[in-house]
Amino acid sequence: MTSAAAARLGTRRSNMATTQSGLVARAITERTGVPVELELITSFGDVTKAHLTQLGGTGVFVNALRDELLADTVDFAVHSLKDLPTAPADGLVLAAITERDDPRDALCARDGLAFEELPAGARIGTGSPRRVAQLAALRPDLVYVPIRGNAETRLGKVASGEVDAVVLAYAGLVRVGRVGDVTDVFDPDRMLPAPGQGALAVECRTERAGADLSYLSSVDHAPTRLAVTAERTVLAELEAGCAAPVGAYATYAGGRLRLRAAVVSTDGTQAVRGESGAEVEADPASLKAAADLGRELARSMIADGADRIVADAAAGGTAD
């Protein structure tokens with residue numbers, strides 16, 4: 001295959017997006033020999049200054065890429081899985097989900113302070129109701145400030161003193177070379193990540209997935225796909241988007257899938273938490289079992305009032 005016939009990978013223009021897409025492109029080339037070129041696309045979510053929930057929240061970063069896929073101007077696209085709506089898109093399929101990087105959230109604070117060391121009244125910047133809710137449950141004495149922008153912009157708000165700290169995805173900070181700014185990391189026992197956090201999704205047109213784009217399967221990671229299927233099913237069953245205060249995290253080890261989830265009110269005062277597990281094989285045939293696990297846990301949490309917390313939070317916040 002010549003460079004003129006290189007595969008066209010659609011990506012948003014941000015440093016984070018192009019870095020993540022570059023990682024996938026290199027992995028595909030290394031494993032299959034197929035050369036990949038990045039096609040830069042601007043999404044509405046990248047240029048608007050409005051809070052994402054004002055725009056419908058879920059999907060504002062992915063719709064432009066999906067339009068290009070459906071127009072066949074790119075062969076496939078790479079998304080942060082946590083930003084991807086749970087509802088399938090007509091004519092498109094997730095051809096691969098990459099092996100998950102560290103799913104945890106990270107604190108980047110001035111003066112190298114850990115979360116517990118922040119003084120009362122410290123201003124914490126985050127655009128995520130999920131983070132605000134779980135952090136407020138741990139430290140109601142802190143002030144949580146809504147902010148937008150890429151990782152570099154948010155870190156700049158700490159350096160300028162606009163906020164005392166920001167909370168971002170640890171995996172993203174590693175990818176853009178800013179892990180040195182991390183002053184604390186939240187293990188899932190303290191704060192559950194967003195469903196799918198740390199994983200990348202490779203999307204293409206349905207009719208091409210098993211044909212001329214079969215090489216995309218080279219970057220699919222079955223254990224990660226099982227885990228995130230369970231997590232995203234929780235989100236779907238709660239009828240919540242990526243701007244909802246829902247955390248979910250599944251792990252797969254020794255043939256067992258373990259799933260934890262939490263729905264926390266944005267002031268941290270109410271919470272519904274759940275945990276479940278199942279024995280499954282790490283292959284595509286087990287995806288239904290993973291989805292069933294997520295569905296059953298979500299329905300149990302709904303019985304305990306999780307849907308009411310989601311509904312109460314629906315009018316505010318932005319995406320992770």
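Residues numbered from 1 in each chain as written. Predicted model: local features only at pLDDT ≥ 70, side-chain atom pairs only at ≥ 80, totals over all residues. Heavy atoms only, no water.

A. Highlighting the overall build of the chain. Looking only at helices and strands, one finds 10 helices and 13 strands in the chain. For the chain, the C-alpha radius of gyration of 19 Å lies close to 20 Å, the compact-globule estimate for 320 residues. For the chain, the spread of C-alpha atoms along the principal axes amounts to about 60 × 45 × 35 Å. Looking at the chain residue by residue over its 320 residues, the buried ones come to 53%. A sequence separation of at least 24 residues applies to 72% of the contacts in the chain between residues at least 6 apart. (Helix = DSSP H or I, 4+ residues; strand = E, 2+ residues; numbered from the N terminus. Rg over C-alpha atoms; globule rule 2.2 N^0.38 Å. Buried < 20%, exposed > 50% of the residue type's maximum accessible area, 1.4 Å probe, protein only. Contact = heavy atoms within 4.5 Å.)

B. Spatial organisation of the packing of aromatic side chains. Counted by the stated rule, this structure contains 2 aromatic pairs. A ring pair is formed by Phe76 and Tyr215, whose centres lie 6.4 Å apart and whose planes are at 75°; its orientation type is edge-to-face. Residue Phe76 is found in strand E3 (residues 76-80), and its partner Tyr215 is found in the loop between helix H7 (206-209) and helix H8 (222-237); the two are separated by 139 residues along the sequence. Overall, Tyr215 belongs to the buried group, its relative accessible area being 13%. (Phe/Tyr/Trp six-rings, centres within 6.5 Å; stacked < 30°, edge-to-face > 60°.)

C. Structural context of the sheet that holds strand E12 (residues 256-264). What the 3 strands build is an open sheet, ordered E11-E12-E13; its pairing is antiparallel. Each having just a single partner strand, strand E11 (246-253) and strand E13 (271-279) make up the two edges of the open sheet. Strand-to-strand twist of the sheet, defined as the mean angle between neighbouring strand axes without regard to direction, takes the value 10°. Pairing of E12 with E13, which is carried by 9 bridges, proceeds in the antiparallel orientation. Directly across from Leu259, in E13, lies its bridge partner Ser276. Each of E12 and E13 touches helix H9 (residues 287-303); the most contacted strand, E12, lies at about 35° to it. Where helix H10 (residues 306-313) meets the sheet, its contacts fall on E11, E12 and E13, and the angle it forms with E12 comes to roughly 50°. (Pairing = 2+ DSSP bridges. Axes fitted to C-alpha atoms, helices over the stretch in contact; angles between N-to-C directions.)

D. Local environment of the nonpolar core. The biggest cluster of nonpolar side chains holds 25 residues, and the ones touching the most others in it are Leu238, Ala240, Val246, Leu257, Leu259, Val263 and Met301. Every element with two or more residues in this core is listed here: H8, E11, E12, H9 and H10. Other than its neighbours up to four places away in sequence, Leu238 contacts Val246, Val263, Ile302, Ala306, Asp307 and Val310. (Core = buried A, V, L, I, M, F, W, Y, C linked by side-chain atoms within 4.5 Å.)

E. Examining the environment of Thr73 more closely. Looking at where Thr73 falls in the secondary structure, it is placed in the loop between helix H3 (63-70) and E3. Taking C-alpha positions, Thr73 is 22 Å from Val219, a pair spaced 146 residues apart along the chain. Excluding anything up to four places from it in sequence, Thr73 contacts Arg8 and Glu68. At 2.3 Å, the side chain of Thr73 forms a polar contact with the side chain of Glu68. (Polar contact = N/O pair within 3.5 Å; in protein donor to acceptor, adjacent residues only side chain to side chain.)

F. Highlighting helix H5 (residues 151-159). Among the residues making up H5, those that are buried are Ala151, Arg154, Leu155, Lys157 and Val158. Across the axial projection of H5, the buried residues extend over an arc of 145°, all falling on one side. Looking at the buried positions of H5, the neighbouring elements they touch are helix H1 (15-32), strand E5 (105-109), strand E8 (165-169) and helix H6 (170-175). Sitting at the amino-terminal end of H5 is Asn150, which places a side-chain oxygen 3.2 Å from the backbone nitrogen of Glu152. (Arc of directions from axis to C-beta.)

G. Local environment of the side chain of Arg208. As for its position among the elements, Arg208 is in helix H7. Beyond its immediate stretch of four places on either side in the chain, Arg208 contacts Arg8, Asp72, Asp75, Leu213 and Ser214.

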